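Here is how the chains run, residue by residue.
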Amino acid sequence: MLIDTHCHLYFDSFDEDRQQVLARMAEACVGAAVVVGIDPGSWEQARELAASHERLWYSVGLHPTSELPADFLAAEALGPYLEGDNAAIAIGECGIDLHWDTNTLEAQQPVFRSQLELARERELPVIIHTRSANAETLELLQSVPGTRGILHCFNGSPELLAWALEQPQWYISFAGNVSFRKATELHEAARVIPAERLLVETDAPFIAPQAKRGQRNEPAYVRHTFEALATLRDEPIEELEEILLANARRIFGVDF
Ligand SMILES: [Zn+2]
């Protein structure tokens, strides 16, 4: 059984066939998916999805390209989602994005820091988004020691990887781009990371793996990404699948 550790099933591109998407996920033996919220609207949608499907869990975070209130306080904004029976299991995705110029670095930094501090305080994993901002992301991660979490859609950064592997409780999650034929840097990273630190995800509806390239991505396709990873590492599928399941259970504290 695989876990899709990161997807956005609330996107309206799933409105027509969400039930079929969930059925295909079960058929592909993808036992659960974590629906990642990125802004107040999607936190609500993710919570509702998790409440109504037993195979879905969710996380809440303010994405660096979302609208960032100047006075954002993670404890206030996200706190309500961390209580009760249908609580979020992680903070994120959050981080630094300097690819899009929606928000300045100065606006992004305190929002990210506040979420790192909340995650540490609540002992929850934090899901990190970073784009064109490896050094800036690393600086923030280092400035809030004692966190645990996931580098989502790992981009191959040697600096971030070295830092994450030095920490006892950080994981590297590969998305569909690791299966792209020309992604040689990612291939190399995928070969050398200890299996006990690996996760797989789709980031659906984005970044469909090579076999489905150009299509809408969905949780069932995490199996293609996983198989690409197993081939790159030259490891038996069943053993690696078991290790990745144990990793997902450990980082999210959920008995998927
Ligand atoms: Zn995402």
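Because the structure is predicted, anything quoted here is derived from the model rather than measured.

## Structural notes on the sheet that holds strand 6 (residues 149-151)
Here eight strands make up an open sheet; going across it, the order is 1-2-3-4-5-6-7-8 and the pairing parallel. Looking at the sheet topology across the chains shown, the edges are occupied by strand 1 (2-7) and strand 8 (198-200). Adjacent strand axes in the sheet meet at a mean angle of 30°, parallel and antiparallel pairs treated alike. Examined bridge by bridge, strand 6 and strand 7 (residues 170-174) share three bridges and lie parallel to one another. Opposite Leu151, over in strand 7, you have Ile172 as the bridge partner. With respect to the sheet, helix 4 (residues 105-122) is in contact with strand 4 (90-97), strand 5 (126-131) and strand 6, its orientation differing from that of strand 4 by roughly 155°.

## Description of the packing of helix 7 (residues 184-192) against helix 8 (residues 222-233)
The axes of two packed helices give the description: the angle between them and the distance between them. Their axes nearest at 8 Å, the elements helix 7 and helix 8 cross at an angle of 75°. As the angle between them shows, helix 7 and helix 8 are arranged roughly perpendicular. Listed contacts from helix 8 to His187, Ala190 and Arg191 of helix 7 are Leu229, Leu232 and Arg233. Partitioned by chemical class, the residues of the contact of helix 7 with helix 8 number three nonpolar, one polar and two charged.

## As for helix 8
In an α-helix, one full turn covers 3.6 residues, which means residues spaced three or four apart are oriented alike. End to end, helix 8 covers 17 Å across 12 residues, agreeing with the expected 16 Å (1.5 Å per residue, within 8%). Where helix 8 is concerned, the buried positions are Val222, Arg223, His224, Thr225, Phe226, Ala228 and Leu229. Looking at the packing, one finds that the buried side of helix 8 touches strand 1, strand 2 (30-37), strand 7, helix 7 and strand 8. A positive backbone phi angle near 55° is found at Asp234, which sits one or two residues after helix 8.

## Let's talk about the nonpolar core
When a protein is soluble and globular, its nonpolar side chains tend to lie buried together. With 77 residues, the main nonpolar core has Ala33, Val35, Tyr58, Ile91, Val126 and Ile172 as its most contacted residues. Broken down by element, the residue count for this core peaks at six residues, all from strand 2. Excluding its chain neighbours within four sequence positions, the residues that come into contact with Tyr58 are Val34, Val35, Gly37, Ala46, Arg47, Leu49, Ala50 and Ala88.

## With respect to unusual backbone geometry
Note that the residue after Gly92, namely Glu93, is joined by a cis bond; omega there is 20°. Along the chain, Glu93 falls in strand 4. Cis rather than trans, the peptide bond between Ala204 and Pro205 has omega equal to 15°. Its place among the elements puts Pro205 in the loop between strand 8 and helix 8. Within the chain, Ser132 stands out as a residue other than glycine whose phi angle is a positive 50°. Of note, Ser132 is situated in the loop between strand 5 and helix 5 (134-143).

What counts and what doesn't
- Residues numbered from 1 in each chain as written.
- Predicted model: local features only at pLDDT ≥ 70, side-chain atom pairs only at ≥ 80, totals over all residues.
- Pairing = 2+ DSSP bridges.
- Helix = DSSP H or I, 4+ residues; strand = E, 2+ residues; numbered from the N terminus.
- Axes fitted to C-alpha atoms, helices over the stretch in contact; angles between N-to-C directions.
- Contact = placed C-beta atoms within 7 Å.
- Parallel < 35°, antiparallel > 145°, perpendicular 65-115°, else oblique.
- Nonpolar A, V, L, I, M, F, W, Y, C, P; charged D, E, K, R; others polar.
- Expected span 1.5 Å × (residues − 1).
- Buried ≥ 20, exposed ≤ 12 C-beta atoms within 10 Å, placed from the backbone.
- Core = buried A, V, L, I, M, F, W, Y, C linked by C-beta atoms within 7 Å.

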